[in-house]
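# Structure assessment
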Number of protein chains: 2
Amino acid sequence: MSEKTVHATVDDVAALAGVSTATVSRCLNAPDRVVPATREKVMEAIRALNYSPNFGARALASRRTGIIGAVIPTLENAVFAHGIDAFERSLSPGKFALLVASCGYDPEREKQQIEALVARGADGLLLVGFDRDPAIYEWLAIRKVPYVLAWACGDSHPYAGFDNVAGMAAMVRMVLDLGHRNVAMISGLTQGNDRARGRLEGARDLLAGEGLAFRGVAEVPYGLESGARAFAELMADRSITAVICGNDVLAAGALRAAHRMGLRVPRDVTITGFDDIDIASITFPELTTVRVPHTRMGEQAAALLQQLIEGKRGESVLLPTEIVARGTHAPPTARRRFAKA
Amino acid sequence: MSEKTVHATVDDVAALAGVSTATVSRCLNAPDRVVPATREKVMEAIRALNYSPNFGARALASRRTGIIGAVIPTLENAVFAHGIDAFERSLSPGKFALLVASCGYDPEREKQQIEALVARGADGLLLVGFDRDPAIYEWLAIRKVPYVLAWACGDSHPYAGFDNVAGMAAMVRMVLDLGHRNVAMISGLTQGNDRARGRLEGARDLLAGEGLAFRGVAEVPYGLESGARAFAELMADRSITAVICGNDVLAAGALRAAHRMGLRVPRDVTITGFDDIDIASITFPELTTVRVPHTRMGEQAAALLQQLIEGKRGESVLLPTEIVARGTHAPPTARRRFAKA
DNA sequence: TTGTACGCGTTATCAA
DNA sequence: TTGATAACGCGTACAA
């Protein structure tokens with residue numbers, strides 16, 4: 001005890017303060033259950049010994065870690081970076097910390113990451129989207145691990161998110177109202193990605209409701225060049241006057257391709273995005289897109305998950321999306337409308 | 001034991017497999033120290049009971065968590081989002097997981113976050129930059145917590161990073177070689193940010209070496225509009241022909257302001273950035289900037305930190321920066337060179 | 001190669 | 001309000 005030991009324990013603190021270990025523990029976890037006088041003695045000893053509780057021991061005895069896990073496709077997508085940032089900032093400081101894992105849009109890897117986080121003692125989980133192997137949900141239920149889903153909505157699980165289908169439908173509605181009839185879409189990969197799928201279907205269904213169909217659909221990986229390439233191919237059909245994109249990055253790529261092809265936006269083609277991330281207001285012209293409240297979503301998700309973890313019941317929250325009409329949309333012009341191949 | 005209990009323990013597994021708990025433990029942590037035959041029995045029991053080791057108990061007994069902590073200013077800055085993403089992907093799967101905390105560029109908050117992560121049992125830490133209260137480094141040394149610094153370089157601590165000073169100096173060198181003499185700079189906030197400070201000083205020193213000085217310096221918060229505003233103010237001095245920006249976001253903002261002011265880039269003004277994040281190739285014209293290997297940096301940082309944690313000694317790694325000459329630079333034109341106020 | 005038995009540092013139950 | 005003490009579940013010398 002008199003040795004210069006690096007890590008003091010509760011016993012050391014208790015001894016120095018002249019109390020029991022139980023009291024020391026209480027001072028840290030339920031200060032109100034200790035008389036101010038003794039509490040002061042204990043805190044004094046804690047400072048003197050530079051004591052800090054052992055994480056493993058605490059987790060073992062209390063059966064919780066204060067660690068919240070999040071599995072996201074990738075932080076390279078600004079949408080997730082911003083959402084996760086807000087999520088982390090909204091975690092009660094001192095009470096919870098964030099363990100992040102990425103899965104690169106791979107469902108199998110997502111499953112592994114979920115298991116890894118739970119194995120690491122995560123008290124709760126933040127996941128992206130609804131669509132995944134039901135076995136995962138069952139497993140989570142058995143293990144009694146609370147979770148919140150984000151970037152989507154639904155009624156089968158707790159979530160803090162928005163409606164991809166409705167958001168995209170609204171955008172297509174606007175494009176149709178402008179007079180466009182020959183519309184194409186550049187969608188993100190829908191495989192194992194219900195957000196991308198929702199957006200694609202939202203657009204498709206709205207068109208169908210008007211008795212229309214896409215003049216072309218490209219389903220491509222996330223990325224600027226990816227969007228650019230898809231745009232160039234789609235526009236081989238000279239009748240197309242509007243290209244709906246599944247996200248802002250694809251739209252920015254499309255815009256770049258348009259410039260290269262000598263097409264003027266929005267005079268020759270209308271291009272729309274989704275998400276309203278930073279780049280949407282940097283392109284020229286600035287992108288007409290669907291704004292998603294990523295930051296508020298992260299905050300709400302954090303609040304909801306913390307409630308669930310503490311045993312309270314929380315309500316899912318559906319955030320509104322909104323069309324941000326900037327510079328890449330306009331009515332179809334004669335040049336394209338009557339263009340020939 | 002026969003009850004439908006949710007969490008099986010080593011004892012359950014040992015009983016079912018007909019071995020001791022020690023053997024079960026070995027199967028998990030040192031499979032080679034167990035004969036294949038018994039190992040198979042044990043793994044079978046593990047599967048049957050759906051067993052997974054208790055994190056707290058394991059951490060307590062083994063004195064390590066397999067958790068690596070990272071404290072960054074914010075994930076909203078793409079630079080950190082990409083670096084952290086690469087870092088996380090490079091962590092040995094199954095062995096280490098990433099606990100992230102943000103500090104919003106606030107040194108005091110960074111200190112708290114570091115303590116919080118260590119308190120949560122982090123086996124090692126990833127931190128941004130070198131400049132911080134020496135007490136923190138001492139504390140880390142006493143606690144024997146390995147750490148790696150990134151996004152900068154130096155010889156006082158292990159790091160995986162790059163030279164902000166040299167990177168910016170090279171850019172200013174290029175601008176001067178183009179013929180510019182009336183140069184201004186939009187710098188990020190240098191307070192508690194050695195990366196921003198390094199870039200500012202790198203530029204300043206190079207100018208000084210040529211007997212020159214900035215015609216103006218604005219030190220502003222991170223952000224598009226922030227950069228735009230600074231640019232507009234700086235350009236009140238009509239003699240300025242080049243504006244060096246501390247990062248790509250500020251540069252994109254400056255570019256936007258230039259458009260608004262009716263200035264043509266690079267004909268009327270040269271604008272340069274730093275980092276080469278996505279937006280650098282989306283602006284019009286595309287941004288001339290300094291490329292920083294954020295992804296490789298994240299990977300190297302992960303490799304180095306894991307080595308340190310495992311007791312091996314690792315070498316710091318200095319990554320090269322590189323000028324990416326795109327569309328926002330050109331020699332000064334007569335119009336600006338001889339412009340009058 | 002496998003088993004025994006103890007220690008790891010807290011929390012939580014129950015009495016006092 | 002405080003104290004004694006039993007878990008908590010796993011790793012690991014040490015012994016067999």
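Residues numbered from 1 in each chain as written. Chains lettered and ligands numbered in written order. Predicted model: local features only at pLDDT ≥ 70, side-chain atom pairs only at ≥ 80, totals over all residues. Heavy atoms only, no water.

### Things to note about the protein's contact with DNA strand C
Taken together, 26 residues lie near DNA strand C, and Val10 and Tyr51 of chain A together with Thr23, Arg26 and Arg63 of chain B sit nearest. Of all atoms in DNA strand C that approach within 4 Å of the protein, 66% are sugar or phosphate atoms. Measuring from a phosphate oxygen of DNA strand C, one finds a side-chain N or O atom of Ser25 of chain A at 2.7 Å. One of the side-chain N or O atoms of Arg26 of chain B is found 2.6 Å from a base oxygen in DNA strand C. Looking at the surface near DNA strand C, the elements with two or more residues in it are helix H2 (21–29) and helix H4 (55–62) of chain A together with helix H2 (21–29) and helix H4 (55–62) of chain B. Broken down by element, the residue count for the surface near DNA strand C peaks at five residues, all from H4 of chain A. Split by residue class, the surface near DNA strand C holds 13 nonpolar, 10 polar and three charged. (Near = heavy atom within 4 Å. Polar contact = N/O pair within 3.5 Å; in protein donor to acceptor, adjacent residues only side chain to side chain. Helix = DSSP H or I, 4+ residues; strand = E, 2+ residues; numbered from the N terminus. Nonpolar A, V, L, I, M, F, W, Y, C, P; charged D, E, K, R; others polar.)

### Description of the domain arrangement of chain A
Interfaces are often described in size by the accessible area the parts lose on coming together. Considered domain by domain, chain A is made up of domain 1 (10–53), domain 2 (65–163 + 293–319) and domain 3 (164–291). Computed from C-alpha coordinates alone, the two centres of domain 1 of chain A and domain 3 of chain A are separated by 62 Å. (Domains from an automatic or database assignment.)

### Some words on the sheet that holds strand S9 (residues 270–272) of chain A
Backbone hydrogen bonds are what pair the strands of a sheet, in a parallel or an antiparallel way. All names here are of chain A. The strand order across the open sheet formed by four strands is S7-S6-S8-S9, and the pairing between neighbours is parallel. Here the strands that pair on one side only, and so sit at the sheet edges, are strand S7 (216–220) and S9. The mean angle between the axes of side-by-side strands here comes to 15 degrees, regardless of whether they run parallel or antiparallel. Both strand S8 (residues 242–245) and S9 contribute to a ladder of three bridges, which runs parallel. If you follow Ala242 over to S9, its bridge partner there is Thr270. Together, strand S6 (183–188), S8 and S9 form the strand contacts of helix H8 (residues 164–177), whose direction differs from that of S8 by roughly 170 degrees. Sheet contacts for helix H9 (residues 194–209): S6 and S7; angle to S6, the most-contacted strand, approximately 170 degrees. (Pairing = 2+ DSSP bridges. Axes fitted to C-alpha atoms, helices over the stretch in contact; angles between N-to-C directions. Contact = heavy atoms within 4.5 Å.)

### Digging into the UniProt feature "domain: HTH lacI-type" (unreviewed entry) in chain A
On the UniProt side, "domain: HTH lacI-type" (unreviewed entry) is annotated at positions that read residues 8–62 of chain A here. Along residues 8–62 of chain A one finds 71% helix and 0% strand; the C-alpha atoms at either end are 20 Å apart. (UniProt positions renumbered as here; feature names shortened; annotations may be inferred.)

### A short note on the confidence of the model for chain A
Residues and elements named next belong to chain A. Across chain A, pLDDT averages 94, with 96% of residues at or above 70. Scored below 50 in pLDDT, residues 1–5 shows one contact in the model against residues more than four places distant or in partner chains. Across residues 337–341, confidence stays below pLDDT 50; counting only partners more than four residues off in sequence or on other chains, it has six contacts. (pLDDT = per-residue confidence, 0-100.)

### Re unusual backbone geometry
Residue Pro266 of chain B is reached from Val265 of chain B by a cis peptide bond, and omega for that bond is 5 degrees. With respect to the helices, strands and loops of the structure, Pro266 of chain B is situated in the loop between helix H11 (248–260) and strand S9 (270–272). Residue Pro285 of chain B follows Phe284 of chain B across a cis peptide bond; omega there is -5 degrees. The topology assignment puts Pro285 of chain B in the loop between S9 and strand S10 (289–291). With a phi close to 65 degrees, Arg63 of chain A is a non-glycine residue in the positive phi region.

### Examining the environment of Thr295 of chain B
One can find Thr295 of chain B in helix H12 (residues 294–309). Judged by relative accessible area, which is 30%, Thr295 of chain B ranks as partly exposed. Remark: the alpha-carbon pair of Thr295 of chain B and Gly223 of chain B, spanning 72 residues in sequence, is separated by 22 Å. Filtering out sequence-adjacent residues up to four positions away, Thr295 of chain B remains in contact with Glu76 of chain A together with Ala86 and Arg89 of chain B. (Buried < 20%, exposed > 50% of the residue type's maximum accessible area, 1.4 Å probe, protein only.)

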